[in-house]
Amino acid sequence: MSSNTDGDDIEDIDLIQRDRQIHAIPRTVSAHPNPVVEDDHPIINHLNKLDELFAGVSDSTKLSIYEILILISFPLILALGQILYYSTPIEYFDNILNSKNNLLNILFVKNGWGFTILVYLIFIGSVYIKRNNDNRTQKLIYESLIRFSIVTLCWFFYTQWFFGLPIMDKIFHVTGGYCYVIPEKNIKPAHINKFKLMDFIIDELEGFKKGSEDNYYFTNGISSRACRSMKGRMYGGHDPSGHIFILSLSTCFLLFELGYFVTPKQFNRNLQEFKSNFSISLRNKEYKKLLLLFFYYPVTLVISLTYLWYYMFLVTSIYFHSFWEQMFGLISSYISLFLAYFIFKFY
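Residues numbered from 1 in each chain as written. Predicted model: local features only at pLDDT ≥ 70, side-chain atom pairs only at ≥ 80, totals over all residues. Heavy atoms only, no water.

Participant: How would you explain the sheet that holds strand 4 (residues 233–235) if you had to name every residue and give the values?
Facilitator: The strand order 2-3-1-4 describes an open sheet built from 4 strands, whose pairing is antiparallel. Taken across any chain shown, the strands that pair with only one partner, and hence form the sheet edges, are strand 2 (196–197) and strand 4. (Pairing = 2+ DSSP bridges. Helix = DSSP H or I, 4+ residues; strand = E, 2+ residues; numbered from the N terminus.)

Participant: Explain the state of the cysteines to me, and be specific about the residues and the numbers.
Facilitator: Counted according to the given criterion, the structure contains 1 disulfide. Paired through a disulfide, Cys-179 and Cys-227 show a sulfur-sulfur distance of 2.0 Å. Because the sign of the S-S torsion sets the handedness, a value of about 85° for the bond joining Cys-179 and Cys-227 places this disulfide among the right-handed ones. Taken as a pair, Cys-179 in strand 1 (residues 178–183) and Cys-227 in helix 8 (residues 224–229) lie far apart in primary sequence, 48 residues in all. Each member of the pair, Cys-179 together with Cys-227, is buried. (Disulfide = S-S within 2.5 Å. Buried < 20%, exposed > 50% of the residue type's maximum accessible area, 1.4 Å probe, protein only.)

Participant: Which residues make up the packing of helix 5 (residues 112–130) against helix 12 (residues 298–319), and what values do they have?
Facilitator: Relative orientation of the contacting elements helix 5 and helix 12 amounts to 160°, with a least axis distance of 9 Å. Taken together, helix 5 and helix 12 sit at an angle that is classed as roughly antiparallel. Between helix 5 and helix 12 lies a crossing whose hand is left-handed. In this structure, helix 5 uses Gly-112, Phe-115, Thr-116, Val-119, Ile-122, Phe-123 and Ser-126 to contact helix 12, whose residues at the interface are Pro-298, Leu-301, Val-302, Leu-305 and Trp-309. Of the residues assigned to the contact of helix 5 with helix 12, the class counts are 9 nonpolar, 3 polar and no charged. (Axes fitted to C-alpha atoms, helices over the stretch in contact; angles between N-to-C directions. Parallel < 35°, antiparallel > 145°, perpendicular 65-115°, else oblique. Left-handed = near helix turned anticlockwise from the far one by under 90°. Contact = heavy atoms within 4.5 Å. Nonpolar A, V, L, I, M, F, W, Y, C, P; charged D, E, K, R; others polar.)

Participant: I'd like to hear about the packing of helix 5 against helix 6 (residues 135–159), residue by residue, with values.
Facilitator: The contact between helix 5 and helix 6 brings their axes to 11 Å, and the two run at 170°. Relative to helix 6, the element helix 5 lies roughly antiparallel. Where helix 5 approaches helix 6, its residues Trp-113, Ile-117, Tyr-120, Ile-124, Val-127 and Tyr-128 are matched on the opposing element by Thr-137, Ile-141, Ser-144, Leu-145, Phe-148, Val-151, Thr-152 and Trp-155. For the contact of helix 5 with helix 6, the class distribution of residues is 11 nonpolar, 3 polar and no charged.

Participant: An account of helix 13 (residues 323–345) is requested, with residue identities and associated values reported.
Facilitator: Between its first and last C-alpha atoms helix 13 spans 31 Å; for 23 residues at 1.5 Å apiece the expected length is 33 Å, and the two agree. Its maximal kink placed at Phe-338, helix 13 deviates by approximately 50°. Looking at helix 13, one finds that the buried residues are Glu-325, Gln-326, Gly-329, Leu-330, Ser-332, Ser-333, Ser-336, Leu-337, Ala-340, Tyr-341 and Phe-342. Where helix 13 is buried, its residues meet helix 3 (65–87), helix 6, helix 9 (242–261) and helix 12. (Expected span 1.5 Å × (residues − 1). Bend = angle between axes of the 7 residues up to and from the residue.)

Participant: Lay out the pattern of salt bridges with the relevant residues and their values.
Facilitator: Tallied over the entire structure, the rule returns 3 salt bridges. We note a salt bridge from Glu-143 to Lys-139, for which the minimum N-O separation is 2.6 Å. With a gap of 4 residues between them, Glu-143 and Lys-139 both fall in helix 6, about one helical turn apart. With a relative accessible area of 27%, Glu-143 lands in the partly exposed category. Residue classification places Lys-139 among the exposed positions, given a relative accessible area of 52%. Of the charged contacts, one joins Glu-257 and Arg-147 as a salt bridge, the two residues approaching to 2.8 Å between their closest N and O atoms. Residue Glu-257 is found in helix 9, and its partner Arg-147 is found in helix 6; the two are separated by 110 residues along the sequence. In this pair, the class of Glu-257 matches that of Arg-147, namely buried. (Salt bridge = Lys/Arg side-chain N within 4 Å of Asp/Glu carboxyl O.)

Participant: Please provide a residue-by-residue account of unusual backbone geometry, values included.
Facilitator: Within the chain, Lys-231 stands out as a residue other than glycine whose phi angle is a positive 65°. Examined against the element boundaries, Lys-231 turns out to sit in the loop between helix 8 and strand 4. Phi angles above zero are rare outside glycine, and His-321 is one such case at about 70°. You can see His-321 is positioned in the loop between helix 12 and helix 13.

Participant: Explain the side chain of Ser-332 residue by residue, including any values.
Facilitator: Checked against the element boundaries, Ser-332 lands in helix 13. The residues touching Ser-332, leaving out its near neighbours within four places in the chain, are Tyr-158 and Phe-245.

Participant: Explain the pairing of strand 1 residue by residue, including any values.
Facilitator: Burial of strand 1 is extensive: 5 of the 6 residues sit out of reach of the surface. The pairing of strand 1 with strand 4 spans 3 bridges and is classified as antiparallel. Considered in strand 4, the bridge of Tyr-180 is made with Arg-233. Both strand 1 and strand 3 (residues 216–219) contribute to a ladder of 3 bridges, which runs antiparallel. Paired with Pro-183 across the two strands is Tyr-216, which belongs to strand 3.

Here is the structure:
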């Protein structure tokens with residue numbers, strides 16, 4: 001009994017000594033190699049509340065947190081664009097970015113859905129080739145193609161044709177918009193009955209002078225694309241932003257599909273392998289392999305294009321259209337995404 005008691009005393013002494021050593025450590029240094037922050041810490045409380053909020057939204061909308069974050073990013077960028085617009089001196093707005101004739105706008109954004117389709121087909125083709133023996137992947141590809149068809153149809157109805165004029169142009173004309181100052185020489189004779197002769201020319205219009213030899217016409221019966229092709233100008237009405245619609249729709253579509261087929265670990269591994277192989281090919285001057293790497297790792301194409309779309313989305317939010325016209329374009333893209341993705345999650 002005596003020996004057992006002595007042993008217990010020794011253990012108690014050891015515990016006391018260790019406790020003293022721990023408390024002797026300065027407060028700025030953690031006694032633990034991986035300190036744990038108390039649950040009542042303000043930052044932890046805010047993070048827990050944020051996590052509960054996202055979890056609640058995810059349960060009610062059947063969206064993943066990944067999808068929610070992507071959707072939230074666009075209103076935040078619109079808000080940033082408005083802040084930059086109202087806080088930037090007017091002289092800084094006279095640059096290449098606020099011109100509709102800049103290279104990025106003409107080459108990429110004007111053909112935005114075409115580039116989106118190209119990158120998507122490369123990506124989904126690569127997935128099919130690499131995993132063609134996986135039944136689950138084939139099912140995912142089949143569902144992806146259905147979503148792609150729905151989104152493309154929405155894009156077509158909104159920007160190209162909807163039983164006549166596309167949806168965005170119908171809204172523009174219904175709210176009082178016109179295509180005007182169209183030179184007579186640019187009007188096709190077969191469509192002359194749609195146009196009315198203008199009896200005046202607004203002096204403030206750049207490039208047009210009062211008393212010009214040409215006759216100028218206006219109409220509300222043609223699309224915005226036809227108006228631009230005839231060198232006319234859109235005026236009045238509510239003009240929903242087609243750029244905001246296409247850029248947000250394309251970005252969400254590509255990133256959502258990326259999330260269906262690539263896990264975060266796979267994504268990181270693909271980028272690391274691409275970076276390593278790219279450096280080797282560049283060092284060895286194997287330029288043909290550099291191009292093939294983008295097709296072998298199509299994740300890089302998706303990320304590169306969506307980065308460009310995000311950038312052009314910010315530029316559009318600063319320089320083009322009113323805030324409510326931008327919001328209408330964004331809401332229209334969200335409706336299209338709902339039809340393609342989320343309505344199926346509820347059934």
